[in-house]
Amino acid sequence: MTISRRGFLQKSGSLVVTFSLASLASRAQTTPAPPSAAQPSVGAPPPPPVDGFIAIGADGKVTVFSGKVDLGTGVRTAIAQIAAEELTVPFTSVEVIQGDTLLTPDQGVTFGSLSIQNGGTQIRLAAATAREALLGKAAEKLGVPRTELTIHDGRIEAKGSGKGVTYAELVGGKKLEIKLDPKAPLKDTESYSIVGKPVPRLDIPGKVTGRFMYMQDFKREGMVHARVIRPAGVKASLESFDDAAAKKIPGFLTTVRRGNFLAVVAKNEWAAIKASRAVKAKWSDWAGLPDGSKIWEWLRQVKVNKDEVLQKAGDVAGPIKAAKKLTATYDFAIHTHGSIGPSCAVAEAKDGKITVWTASQATHLLQRQLALMLGLKDAEVRCIYIDGSGCYGRNGHEDAAADAVLIALEVKKPVRVQWSRADEHGWDPKGPPTLHDFRASLDEGGMPVSWESEVFLPDRPAKISCALVGAQLSGLPTDVPSGHPGGVQQSLAIAYSVPNVKVTAHWLDETPFRASWIRTPGRMQNTYANESFIDECAAAAGIDPLDYRRRLLKDPRGLELLDRLAKLANWTPRAKGSARGGGEVVTGRGMSYVKYELVRTYVGVVADVEVNRKTGAVKVKKFYIAHDCGQIINPDGVRNQLEGNVVQTTSRVLFEQLTFDRSKVTSLDWATYPILTFPDAPAVAIDLIDRPKEVPWGAGEPTAAVVPAAIANAIYDATGARLRSVPFTPNKVLAALKG
Amino acid sequence: MPTTIAFRLNGKATRLRVDDPQMPLLYALRNDLGLQGPRFGCGLGQCGACTVHVDGEAVRSCVTPVAAIKGRKVVTLEGLGTPEHPDPLQQAFIDEQAVQCGYCINGMIMQAKAMLNANPHPTEDQIRQELAQNLCRCGTHVRIVRAIQRASGGDAK
Ligand code: FES
Ligand code: FES
């Protein structure tokens, strides 16, 4: 692998800053390190040192190799901005190559809003290392001390003399390889001209004209098309199949069976679709899913593997003088990722080696999973990232890749697998059902003296992990290297100072569907419960909910954020939620706040809603967001993310839930799993707090965490009814109104 | 029954031989005619990702049999403009940065373009109603509406 990577880089003269994980680890001690709990542990074990983060070519062009992939979040543009800024070259001279296991370093899975915080920081250092090396060379060449040099658009000049030399000239035809210097001096953020600016995204012109190539557009010479035929029940076995009718379809090539994995292959896509419908498969009866109408009762009786105390202060069991006690239970339905483009992959098997083109957010993890499935060495599997439809976590991209590999091994041709809409809705791994119990005691003044929360979540080890569905169906190894659904216990611990606190996770032995991380995994559900319950406490105390939170916070950054939120939303204190206006349609506003995982981005929101008391319909009119993610790389990119978080999560909260019978998922399209449409999209107002001297935290997820409770609290403000079960469908709203 | 279908595609006379005239137009465009503006999202007429213009109307190419376009004029996203010479609506999407993953954007632009041709100055409410059958999962709605307002000379702040 190393040789091939070198080969790639040696095509022309270049200066390459190489990088190994060891040098990053030493740096981690000198910069504010990201909390270890926030690190996705999915990427372990550590890969061998890899070459090349940044290469400057003889033509002065800069290439950044990034293990982080874009996922439609604009990370590619942000990474190019970071590299261009630190190198002091024009933004347009930077190209970013992403997620090819042969070319890019393993920076871990793209999730957890960590792309910029981790990946971007590494690239900044690599760029600084390169710039320093070039400055050294320029000083020699120009015969001028380094302190006398300035850089402008990739040209190093001697102050005042006009003498200068470009990066391209310095690199020349030579190949220079230097190691990343973890102590390389970083540019003063005051001098920034690219980072912190709303640079237009690189991919957009191609995306609005049909020029941009998505995974779904990728083609290989001699490629054939496949469709997978899904079992009638999640764990049903294939008893027999009859493909006689499929064989009559022009273009049909073959049927592939491996255990319960069944697929058809054809010369063209339409023939593959028709053939998949023409095959008659006989599946065993399987009805092992719980009763969907009693999912929460079912969850409560699942075996608990382990209780984990996530936060503890004082003694919640000790003698506590309480003027008031509160309890509440919250639940959050099973959700799908709901990508607009179903997953797709192309695979090729040649000379014992596998190549897969994939929109996976985790090409290195996928590489390991595929190698394990097939009993190959990691190096015998290459995964190349191509942008797909937005995935918002681990959707079906990885599974489509496994499907394509399994079929490619049989047909010895490049195979494209395009999942159908029903495949994606039915078989992507799901956001698991999440249940919370809360108890609090309030003192005379209404402030909490004890706070207890418990969450029921699928256990993390291999037993409930993100196995590849193709491996499961074909009976091949499904081990996931320390894979688990994304640290879903995060953000249940609270930032509020309460003297007695106990926060516990009950790790369950079972969950109905393959669980994976959906955007803001666990943090969305946990923050929904926390911020709903704190609102219930404030209402019980008769104190304005924003003021209540202020009284419980000490963190000045959090307090400043709440002030800015109040100003942005023109918040008027309300002592107690009460129906405002007695008509059929009533309005209300609610708020919610989080310090993400207690250690990252601060975000607070206010939601304005309208509730129709006759129909139970809720309409979210507007969201106000105050957001502090430290240093902002691209403010317009951040805004785009925040707006997306608000709209997507409003959809989750008002409309979405997976439906299933005892055998299978039954919400297999957009009619049975509706999502928010244009008439329901709320307006969004944003106050971005930029702190150029602080660590850049992520913006891809935190806002989703605060959306659900803000809506629930606004409904309470409008009607006096508490909604404690997501989604807030009209039926549930009507039931809550009846009380 | 293999058939040849003649129609106009992005302004050019086109003849296409297909095995099955019932094949949805989407697959002909994407796999036989080398286009990638129209996208596969559901194949059920529910999401709008596959939208193209047939004789100026926005239609779902995933549920339109290729036989139905015989003798008609089909325009795809590529037929509106290019990165070098974008259509004003495409330019408005660039100006408003109204894309996240962009998978739905073909449908948004094609649907909105057909509306603007008939009604050059829609209200915000009309825009939202027109796009009510076009799904976006990234939550780019706010920007998409702004881009269409901008292209219509309306109030895009
Ligand atoms: S792909 Fe045609 S409407 Fe969804
Ligand atoms: S931008 Fe991703 S689906 Fe609309």
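Placed above this text is the structure.
Residue numbers restart at each chain and count upward from 1, following the sequence in its written direction. Going through the entries in the order they are written, you letter the chains from A and number the ligands from 1. Where local features are concerned, this predicted model is filtered to residues with pLDDT of at least 70; where side-chain atom pairs are given and counted, the filter is 80 or more; whole-chain, interface and lining totals use all residues. By convention in this description, side-chain values take in all heavy atoms of the structure and omit both hydrogens and water.

## Considering the side chain of Arg-691 of chain A
Stated formally: Strands here mean DSSP runs of E at least two residues long; helices mean DSSP runs of H or I at least four residues long; both are numbered from the N terminus. Note on contacts: a residue pair is in contact if any heavy atoms of the two residues lie within 4.5 Å.
Tracing the chain through its elements places Arg-691 of chain A in the loop between strand E26 (683-689) and helix H18 (702-719). Not counting chain neighbours up to four residues away, the residues in contact with Arg-691 of chain A comprise Arg-557, Glu-560, Asp-628, Gly-630 and Gln-631 of chain A.

## As for the side chain of Thr-601 of chain A
Residue and element names in this part refer to chain A. What counts, and what does not: Relative accessibility thresholds used throughout: buried, under 20% of the residue-type maximum; exposed, over 50%; partly exposed, between the two (1.4 Å probe, protein chains only).
Along the polypeptide, Thr-601 turns up in the loop between strand E23 (585-595) and strand E24 (602-612). Taking the relative accessible area as the measure of exposure, Thr-601 reaches 1% and is therefore buried. When neighbours within four sequence positions are excluded, Thr-601 is seen to be in contact with Val-594, Lys-595, Tyr-596, His-627, Asp-628, Cys-629, Trp-697, Gly-698 and Pro-702.

## A look at the packing of helix H3 (residues 88-95) of chain B against helix H6 (residues 141-151) of chain B
The description of two packed helices rests on the angle between their axes and on the distance between the axes. Residue and element names in this part refer to chain B. What counts here: Angular values range over 0 to 180 degrees, each being the angle between N-to-C directions of two axes fitted as lines to C-alpha atoms, with helices fitted over their stretch in contact. Convention used here: angles under 35 degrees read as roughly parallel, angles over 145 as roughly antiparallel, angles from 65 to 115 as roughly perpendicular, and any remaining angle as oblique. Helix crossings are classified by the rotation of the near helix relative to the far one: an anticlockwise turn of less than a right angle makes the crossing left-handed, while a clockwise turn makes it right-handed. Gly counts as polar in this scheme, as do all residues outside two lists: the nonpolar Ala, Val, Leu, Ile, Met, Phe, Trp, Tyr, Cys and Pro, and the charged Asp, Glu, Lys and Arg.
For the pair H3 and H6, the least separation of the axes is 8 Å and the interaxial angle reads 135°. With respect to their mutual orientation, H3 and H6 come out oblique. Seen from above, H3 lies across H6 with right-handed handedness. Only Ile-144, Ala-147, Ile-148, Arg-150 and Ala-151 of H6 make contact with H3, whose side of the interface consists of Pro-88, Leu-89, Ala-92, Phe-93 and Asp-95. Here the residues of the contact of H3 with H6 are counted per class, giving eight nonpolar, no polar and two charged.

## Quick notes on the pairing of strand E1 (residues 3-9) of chain B
All names here are of chain B. Spelled out, the test is: The pairing criterion for strands is at least two bridges between them, as found by DSSP.
Pairing analysis gives seven bridges linking E1 to strand E2 (residues 12-18), with the strands arranged antiparallel. Bridged to Thr-4 within E2 is Arg-17. In textbook terms, the turn of a hairpin is the stretch between consecutive antiparallel strands, and for E1 and E2 this stretch comprises two residues, one of which, Asn-10, has a positive phi near 45°.

## Notes on the environment of Ile-686 of chain A
Residues and elements named next belong to chain A. Positionally, Ile-686 belongs in strand E26. In sequence terms Ile-686 and Ala-569 are 117 residues apart; their C-alpha atoms lie 9.6 Å from each other. In this structure, Ile-686 is in contact with Leu-568, Ile-625, Arg-639, Leu-642 and Glu-643, ignoring residues within four places of it in sequence.

## Details of the interface of chain B and chain A
Our working definition: Note on terms: buried area is the combined drop in 1.4 Å-probe accessible area of two parts once they are placed together, counting the loss on both. By definition here, a salt bridge exists when the distance from a side-chain nitrogen of Lys or Arg to a carboxyl oxygen of Asp or Glu is within 4 Å. Here a polar contact is taken to be a pair of N or O atoms separated by no more than 3.5 Å, where protein atoms must pair a possible hydrogen donor with a possible acceptor and residues adjacent in sequence count only if both atoms sit in side chains.
Contact residues are listed per partner, giving 53 residues for chain B and 64 residues for chain A. Interface area, chain B with chain A, both sides summed: about 4,700 Å², of which 56% is carbon and sulfur. Linking chain B with chain A are seven salt bridges, by the criterion used here. Between Arg-143 of chain B and Asp-636 of chain A there is a salt bridge, and its shortest N-O distance comes to 3.1 Å. At the surface where chain B touches chain A, the tally comes to 34 residue pairs in polar contact (both at pLDDT 80 or more). Here the side of chain B that touches chain A gets six residues from one element, more than from any other, and that element is H6 of chain B. By residue class, the composition of the side of chain B that touches chain A is 26 nonpolar, 17 polar and ten charged.

## Examining the packing of helix H17 (residues 635-655) of chain A against H6 of chain B
One can describe the packing of H17 of chain A onto H6 of chain B by two numbers: an axis separation of 8 Å at closest approach and a directional angle of 115°. One finds that H17 of chain A runs roughly perpendicular with respect to H6 of chain B. Residue-level inspection shows Asp-636, Arg-639, Asn-640, Glu-643 and Val-647 of chain A of H17 of chain A in contact with H6 of chain B, the latter providing His-141, Val-142, Arg-143 and Arg-146 of chain B. When grouped by side-chain class, the residues that make up the contact of H17 of chain A with H6 of chain B number two nonpolar, two polar and five charged.

## As for the pattern of salt bridges
All names here are of chain A. Inspection of the entire model under this criterion finds 59 salt bridges over all chains. The partner of Lys-595 in a salt bridge is Asp-555, with the nearest N and O atoms 3.7 Å apart. On the criterion of sequence distance, the pair formed by Lys-595 in strand E23 and Asp-555 in the loop between helix H15 (545-552) and helix H16 (556-569) is long-range, its members being 40 residues apart. Residue classification places Lys-595 among the buried positions, given a relative accessible area of 18%. Through salt bridges with shared partners, a single network forms among Arg-557, Glu-560, Arg-564, Asp-628, Asp-687, Arg-691 and Glu-694.

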